[in-house]
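Listed below, chain by chain, are the residues.
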Amino acid sequence: MTETQKSATLSLNGETYELPIFSPTAGPDVLDIRKLYAQAGVFTYDPGFTSTASCDSTITYIDGGKGELLHRGYPIDQLASKSHYLEVCYLLLYGELPTAAQLEDFETRVTRHTMVHEQMHNFFRGFRRDAHPMATLVGVVGAMSAFYHDSLDVTDPWQREVAAVRLIAKLPTIAAMAYKYSIGQPFVYPKNDLDYSANFLHMCFSVPSEEYHVNPILSRAMDRIFILHADHEQNASTSTVRLASSSGANPFACIAAGIACLWGPAHGGANQACLEMLKEIGSVDRIPEFIERAKDKNDPFRLMGFGHRVYKNTDPRAKVLKQSADEVLELLGVEDNPLLQVAKELEQTALNDPYFIEKKLFPNVDFYSGIILEAMGFPTSMFTPIFALSRTVGWISQWKEMIADPQNKIGRPRQLYLGETMRDYTDIEKR
Ligand code: SDX
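Residues numbered from 1 in each chain as written. Predicted model: local features only at pLDDT ≥ 70, side-chain atom pairs only at ≥ 80, totals over all residues. Heavy atoms only, no water.

A. Seen up close, helix H10 (residues 236-245). Where H10 is concerned, the buried positions are Ser 237, Thr 238, Val 241, Arg 242 and Ser 245. Axial view of H10: buried residues confined to an arc of 145°, hence all on one face. Summarising the contacts, the buried residues of H10 are in contact with helix H11 (251-262) and helix H18 (383-403). (Buried < 20%, exposed > 50% of the residue type's maximum accessible area, 1.4 Å probe, protein only. Helix = DSSP H or I, 4+ residues; strand = E, 2+ residues; numbered from the N terminus. Arc of directions from axis to C-beta. Contact = heavy atoms within 4.5 Å.)

The structure is reproduced here in structure tokens:
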């Protein structure tokens, strides 16, 4: 972080305060207000953190105006077309694209950690079969801290490395187990001769009674979906992981917190909500009705998969997913999927509507992903677990960056208090 000679002057209550300005390698300058309360006795106020940088980071950069997303400087569309998920994991974790030897070593380490402790199978038995897979994912991932005692000490770099690899390796296995449990089929063990994405499809869709051959088209589409969801700067779930980690909590508990936050329909739950919305719309002739509802302040309905706190242009991930949806559905022979037609018409209608234009609302990552996932055979309840397993590398990379920072301290925001001032207790007889 480069502290420039620039500073901002704040005049308050007859005093002036100099606030240093830090200049980034890309994006807006930041005002350093760390000493503001101590010097001026005031807090800043920013619910929702619309104007707040919570940390410095070198992992992911988003230009919301241009619709750009970079991971360690590499544009997401290049990574989606030229790389594969475990290579992107390496890039996010270690900062550079790996050499062939480094990639082989990393892939081998991940592959060798894909099984879970056999006792963990018992956790699923305690859930109802109709439990949402995100409920089981939160529970079982948190429970990993009850098993992997040799990777809980966050002060030990080696244990941090082992925890990172275990989480990246085991999330697909646990997510697949959550799916199998929900449909009453037996768990399927990972196979070390399959790559990461093919292995996930195998664990989800194979059954012991017959051979399962992974469709390379689906495996490539799966891998691309994993890449597109891998990391996204300081979004709500990543900020949750950072805040949980700031207390020194173990990595499995922190990732479980991130999964819980991602579940919300305003965040990672939007992919499920979006597909359910497209099904409710049903046909292009009902689109105007839903567009009007989305614009009606008295109607809580929002266009799911649309809008973003940072992107005020099309989410670059949505562009790649839209193209991928066309390719996958055509290759699967379902190119006339009515949901895809509704989605495309809805997008065009919204993008030409003054309300959406004025508020700069564009399709986000969740708008097309559900159409692909449903075409691949996943139920809507598995959409957010797939987002969670993809984002685990982003959470863990941001966690590692924060824990390794010697400036790291517990996150403890303050508040604008609007409650009662001090008053004496009143005995019940006098109330
Ligand atoms: C993800 O942060 C990330 O990076 C997240 C994510 C990641 O990779 O981690 O990108 C993943 O969470 C994508 C977003 C998925 N959520 C949805 O698709 C749900 C629908 N979208 C909205 O709920 C909303 O757009 C948010 C939550 C995504 C962003 O909300 P903001 O930034 O708080 O913006 P806002 O709610 O203040 O909206 C600004 C205005 C409001 O109108 P006014 O009060 O100014 O009159 O735009 C309106 C909103 O009512 N608006 C919408 C809308 N989204 C915003 N109106 C209709 N439909 C929508 N989808």
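B. Representation of the site of the ligand in the model. Around the ligand there are 24 residues in total, and His 232, Leu 303, His 308, Arg 309 and Arg 317 lie nearest to it. Take Asn 364: an N or O atom from its side chain is 2.9 Å from an oxygen atom of the ligand. Each residue belonging to the shell around the ligand can be placed in one class, and the counts come to 10 nonpolar, seven polar and seven charged. (Near = heavy atom within 4 Å. Polar contact = N/O pair within 3.5 Å; in protein donor to acceptor, adjacent residues only side chain to side chain. Nonpolar A, V, L, I, M, F, W, Y, C, P; charged D, E, K, R; others polar.)

C. Structural context of a nonpolar patch on the surface. Together, Tyr 45, Leu 416 and Leu 418 line one region of the surface with nonpolar side chains, adding up to about 410 Å² of accessible area. Along the chain, the position of Leu 418 falls in the segment after H18. (Patch = residues over 30% accessible without salt bridge, like charges linked within 9 Å, V, L, I, M, F, W, Y side chains within 5 Å. Areas by Shrake-Rupley, 256 points an atom, 1.4 Å probe, with all protein chains shown as cover. Salt bridge = Lys/Arg side-chain N within 4 Å of Asp/Glu carboxyl O.)

D. View of the sheet that holds strand S5 (residues 68-71). Spatial ordering of the open sheet is given by S4-S5-S6, a layout of three strands whose pairing is antiparallel. Where the open sheet ends on each side, the last strands, each with one partner, are strand S4 (60-63) and strand S6 (74-75). Bridge analysis of S5 against S6 gives two bridges, and the strand direction is antiparallel. Looking across to S6, one finds that His 71 is bridged to Tyr 74. (Pairing = 2+ DSSP bridges.)

E. Seen up close, the side chain of Asp 353. Within the fold, Asp 353 resides in the loop between helix H15 (338-351) and helix H16 (354-358). Residue Asp 353 is classed as buried on the basis of its relative accessible area of 10%. Looking at Asp 353, its side chain comes within polar contact range of the main-chain nitrogen of Tyr 355, at 2.7 Å. Every residue in contact with Asp 353, bar those within four places of it in the chain, is listed here: Ile 291 and Lys 295.

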